[in-house]
Amino acid sequence: MTSRLNRLAVAMLATTLATLGITVANPSPASAAMTICYNTSQAGSYASVANQAASIWNNATVNLTLSANCGSNLRIYRITGGGSYAQRTSLGNGRVYIDTQQAAQYSVLRIMTHEIGHILGLPDNYNGNCSLLMSGGSAGTSCTNAYPSTAEANRVSNLFAGTFSATDRSADIFRDSWPSALTTVN
């Protein structure tokens, strides 16, 4: 919250100076880190997995810190049926739903880290490459990699530094990342 207020104050100062004819080169400090507070009160047995996934993102990125139960930018839910998915309301805000049935087929840590990746601004990448976190379930049930690639982590860091457009930060729902293990892929 403090970093948001600081950015707002700097932006207001830049606007005021601009009305006086004074130009400010970079009114938004790129070094300001954002804290995303995630809530695991509805995650049930997946709360510890959410903490592991947050730690993975915290270690992989800059400009961003995920912190447990300090607020509710991100809410994590344990559900049964319907598939795991993320619903991003804006960059760093939304809900993650982890389906117990899919968690029994795939690495639950990979699912959690992947779905949080959507909240952090990453799209799906259905290329089947296990080394890419955002390939989701297309990498198969044997893939347990829960770590973003350098490119994925850098994209998130850049999003939180404000170097991508507003369309990269828009609301969206990300479904079908985790096909049923019974689905045949041709």
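It should be noted that the structure appears before, not after, this text.
Let me begin by describing the structure that accompanies this report. Along each chain, numbering runs from 1 in the same order as the chain's sequence is written. Note on the predicted model: pLDDT of at least 70 is required for a residue's local features to be given, and 80 or more for side-chain atom pairs to be given and counted; whole-chain, interface and lining totals, by contrast, use all residues. Only hydrogens and water are set aside when side-chain values are computed; all heavy atoms of the structure are taken into account.

**Re the pairing of strand 5 (residues 93–99)**
So, point 1. Accessibility here uses a 1.4 Å probe with only protein chains present; expressed as a share of the type maximum, an area under 20% marks a residue as buried, one over 50% as exposed, and anything in between as partly exposed. Helix numbers and strand numbers start at the N terminus; a helix is a DSSP run of H or I with at least 4 residues, a strand a run of E with at least 2. Summarising burial for strand 5: six of the seven residues are buried, a large majority.
So, point 2. Any two strands with at least two DSSP bridges between them are considered paired. Inspection of the sheet shows strand 3 (residues 74–79) paired to strand 5 by six bridges, in the parallel sense. Bridge pairing in strand 5 links Ile76 to Val96.
So, point 3. Where strand 4 (residues 85–90) and strand 5 come together, five bridges link them in antiparallel fashion.

**A word on the packing of helix 2 (residues 47–60) against helix 4 (residues 108–119)**
In helix packing, the relevant descriptors are the interaxial angle and the interaxial distance, both defined with respect to the helix axes.
So, point 1. Fitting a line to C-alpha atoms yields each axis, with helices limited to the stretch in contact; the angle taken between N-to-C directions then spans 0 to 180 degrees. Where helix 2 contacts helix 4, the axes come no closer than 9 Å and their chain directions differ by 55°. Considering their axes alone, helix 2 and helix 4 lie oblique with respect to each other. The hand of the helix 2/helix 4 crossing is right-handed. Facing Val49, Ala50, Gln52, Ala53, Ile56 and Trp57 of helix 2, the residues of helix 4 in contact are Val108, Leu109, Met112, Thr113, Ile116 and Gly117.
So, point 2. Here the residues of the contact of helix 2 with helix 4 are counted per class, giving nine nonpolar, three polar and no charged. An angle counts as roughly parallel when it lies under 35 degrees, as roughly antiparallel when it exceeds 145, as roughly perpendicular when it falls between 65 and 115, and as oblique in every other case. In a left-handed crossing the near helix is turned counterclockwise from the far helix by less than a right angle, and in a right-handed crossing that turn is clockwise. Every residue pair with non-hydrogen atoms within 4.5 Å of one another is taken to be in contact. In the scheme used here, Gly and all other residues not listed as nonpolar or charged are polar, with Ala, Val, Leu, Ile, Met, Phe, Trp, Tyr, Cys and Pro taken as nonpolar and Asp, Glu, Lys and Arg as charged.

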